[in-house]
Amino acid sequence: MKASLHRPTKAVIDLSAIAFNIEQIAAHIPQSVQKWAVVKANAYGHGAIPVSQHVQGLVDGFCVSNIDEALELREAGIAKPILILGVSSLEAVPLAIQQQITLTVASLAWLEELLSQQPNLTGLTVHIKIDSGMGRIGFRDSQEAQQAISRLQAAGAVVEGIFTHFATADERDASHFVAQLSRFKEILSGLAFLPPIVHASNSATTLWHSETIMNAVRLGDIIYGLNPSGRVLDLPYEVKPALSLESALVHVKEIQAGAHVGYGATYTSDSLQIIGTIPLGYADGWTRDMQGFDVLIDGQRCPIVGRVSMDQITVRLPQVYPLGTQVVLIGNSGAELITATDVADKRGTINYEVVCLISDRVPREYKK
Ligand SMILES: *Cc1c(COP(=O)(O)O)cnc(C)c1O
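All of these numbers come straight from a predicted model, not from anything done at the bench.

1. Brief notes about the sheet that holds strand β7 (residues 158-163)
Here's step 1: Strand order in the open sheet formed by eight strands is β4-β3-β2-β9-β8-β7-β6-β5, and the pairing between neighbours is parallel. Of all strands in the sheet, those bounded by a partner on one side alone are β4 (82-84) and β5 (103-105). The sheet shows a mean angle of 30 degrees between the axes of neighbouring strands, taken without regard to direction.
Here's step 2: Pairing analysis gives five bridges linking strand β6 (residues 125-129) to β7, with the strands arranged parallel. Paired with T125 across the bridge in β7 is V158.

Laid out in structure tokens, this is it:
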């Protein structure tokens, strides 16, 4: 889908904020640790190509979730290592070899199927995934992991890394985290061959369990200036949110007491009121549960009244504003601020989902 460029609705991405955030993290972890920027899902909605191009000099590599995301980066000229975190389809393997994209190997069943089709894996680089307690993908014991490593090496692949992923690094209670860490270490110690790059840290682990940083970190949410715990844990250092979501008033009117607004006529004015209409709706990722939340206009909070439509929302204004007046949905206006975490709280979800759901219809505008 093409972005709708001739509408005032846009996501503004501050690339220098992402660079600043990476530099902040780099200043707080040992210099020898490799930093990988996680740019899956279009860099959490921020735009994988512009983000990767802007930060490639600050990181050692990139992580994505699938081969298409990796190929998108290669086509854009990104030459740094790229690791696919998820399970790849077998047809991705020749592409990975050709484009020097690193695959994750997470099960013997997958590897056996691959080897039955393609016994020679020369040119392929892989990382082994260990399931230390997340329960999604990965080897759950040393024996199977070592068997995979041996078979990969015998087939000519380079086993460059081994990693795990924590389920609760963003929570106050560390007990599951500690259990996962000790399981990971136990599995590593049972291997005859330890791959050179060992990594376990996402943003939360890098921030709050720095003792767990091994020799690489996979940085997602935090580089976009978001707190991966929402409000549960405080950030140990400052980061800057990189994304703001903006639009403008395209229609302003006065309605009488008793008048209704929106589908279902769920809002009834109890007085003479001024209603503004904004060209953004659930098709842009501004979901229907945003009814009752606020937008910022002229430094003031204005409530979203009536249902969120596919393409439009309606807000109650404190006064008449001219058409074209700026509306901030995420970001600053005067002294007021709405963060992705505020939006997430309203929806009962996490800031990750808020930024990822901003749809392709919303153009991204880049600030350096
Ligand atoms: C998405 C992902 C990350 C990044 O997570 P953040 O919480 O955004 O830092 C790291 N590792 C794996 C395996 C992931 O899937």
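Still more ground to cover, so stick around.
2. Things to note about the layout of surface pockets
Where empty space is left can be seen by rolling a probe of water-molecule size over the atoms.
Here's step 1: Considering only enclosed or pocket space, the largest pocket measures out at about 640 Å³ in volume.
Here's step 2: What lines the largest pocket is a set of 28 residues, and nearest its centre among them are K40, Y44, R136, H165 and Y352.
Here's step 3: When contributions to the lining of the largest pocket are tallied by element, the ones reaching two or more residues are α2 (40-44), α9 (203-208) and α11 (351-356).
Here's step 4: A total of three residues in the lining of the largest pocket trace back to one element, the largest contributor, which is α2.
Here's step 5: Per-class residue counts for the lining of the largest pocket are 15 nonpolar, seven polar and six charged.
Here's step 6: Looking at the second largest pocket, its volume works out to about 500 Å³.

3. Some remarks on the packing of helix α6 (residues 108-117) against helix α7 (residues 142-154)
Here's step 1: Contact pair α6 / α7: the axes reach a minimum separation of 10 Å and the direction vectors enclose 20 degrees. Judged by the inter-axis angle, α6 sits roughly parallel to α7. Relative to α7, α6 is oriented so that their crossing is left-handed. Between α6, through L108, L111, E112 and L115, and α7, the contact on the second element is made entirely by E144, Q147, A148, R151 and L152.
Here's step 2: Partitioned by chemical class, the residues of the contact of α6 with α7 number five nonpolar, one polar and three charged.

4. So, the UniProt feature "modified residue: N6-(pyridoxal phosphate)lysine" (unreviewed entry) in the chain
Here's step 1: UniProt marks K40 with the feature "modified residue: N6-(pyridoxal phosphate)lysine" (unreviewed entry), using the numbering shown here.
Here's step 2: Along the polypeptide, K40 turns up in helix α2.
Here's step 3: Classification of K40 by relative accessible area gives partly exposed; the value is 29%.
Here's step 4: Residues within four places of K40 in sequence aside, it is in contact with C63, V64, S65, E69 and L85.

5. Structural notes on the site of the ligand
Here's step 1: All residues adjacent to the ligand are V38, K40, Y44, L85, R136, H165, N202, S203, R218, G220, D221 and Y352.
Here's step 2: K40 places a polar side-chain atom, nitrogen or oxygen, 2.8 Å from an oxygen atom of the ligand.
Here's step 3: In the complex, the protein chains occlude 92% of the 380 Å² of accessible area that the ligand would expose alone.
Here's step 4: With respect to the pocket detection grid, the ligand is positioned in the largest pocket.
Here's step 5: Classifying every residue of the shell around the ligand by side-chain character gives four nonpolar, four polar and four charged.

6. A closer look at the side chain of T168
Here's step 1: Within the element layout of this structure, T168 appears in the loop between β7 and α8 (175-189).
Here's step 2: In this structure T168 touches H176 and F177, once residues within four positions along its chain are discounted.

7. Quick notes on the nonpolar core
Here's step 1: By size, the foremost hydrophobic cluster in this structure holds 115 residues, and its most contacted members are I18, I128, W286 and V295.
Here's step 2: Each of two domains, domain 1 (15-224) and domain 2 (243-338), supplies a minimum of three residues to this core.
Here's step 3: I255, V261, Y267 and V305 belong to the second-largest nonpolar core, a separate cluster that totals five residues.

Calculation rules
Residues numbered from 1 in each chain as written. Predicted model: local features only at pLDDT ≥ 70, side-chain atom pairs only at ≥ 80, totals over all residues. Heavy atoms only, no water. Pairing = 2+ DSSP bridges. Helix = DSSP H or I, 4+ residues; strand = E, 2+ residues; numbered from the N terminus. Axes fitted to C-alpha atoms, helices over the stretch in contact; angles between N-to-C directions. 1 Å grid on protein atoms, 1.4 Å probe; cavity = no way out; pocket = protein on both sides within 12 Å on 5 of 7 lines; lining within 4 Å. Points joined across faces, edges and corners; volume = space filled by probe spheres on them. Nonpolar A, V, L, I, M, F, W, Y, C, P; charged D, E, K, R; others polar. Parallel < 35°, antiparallel > 145°, perpendicular 65-115°, else oblique. Left-handed = near helix turned anticlockwise from the far one by under 90°. Contact = heavy atoms within 4.5 Å. UniProt positions renumbered as here; feature names shortened; annotations may be inferred. Buried < 20%, exposed > 50% of the residue type's maximum accessible area, 1.4 Å probe, protein only. Near = heavy atom within 4 Å. Polar contact = N/O pair within 3.5 Å; in protein donor to acceptor, adjacent residues only side chain to side chain. Areas by Shrake-Rupley, 256 points an atom, 1.4 Å probe, with all protein chains shown as cover. Sits in = over half its atoms within 2 Å of the grid points. Core = buried A, V, L, I, M, F, W, Y, C linked by side-chain atoms within 4.5 Å. Domains from an automatic or database assignment.

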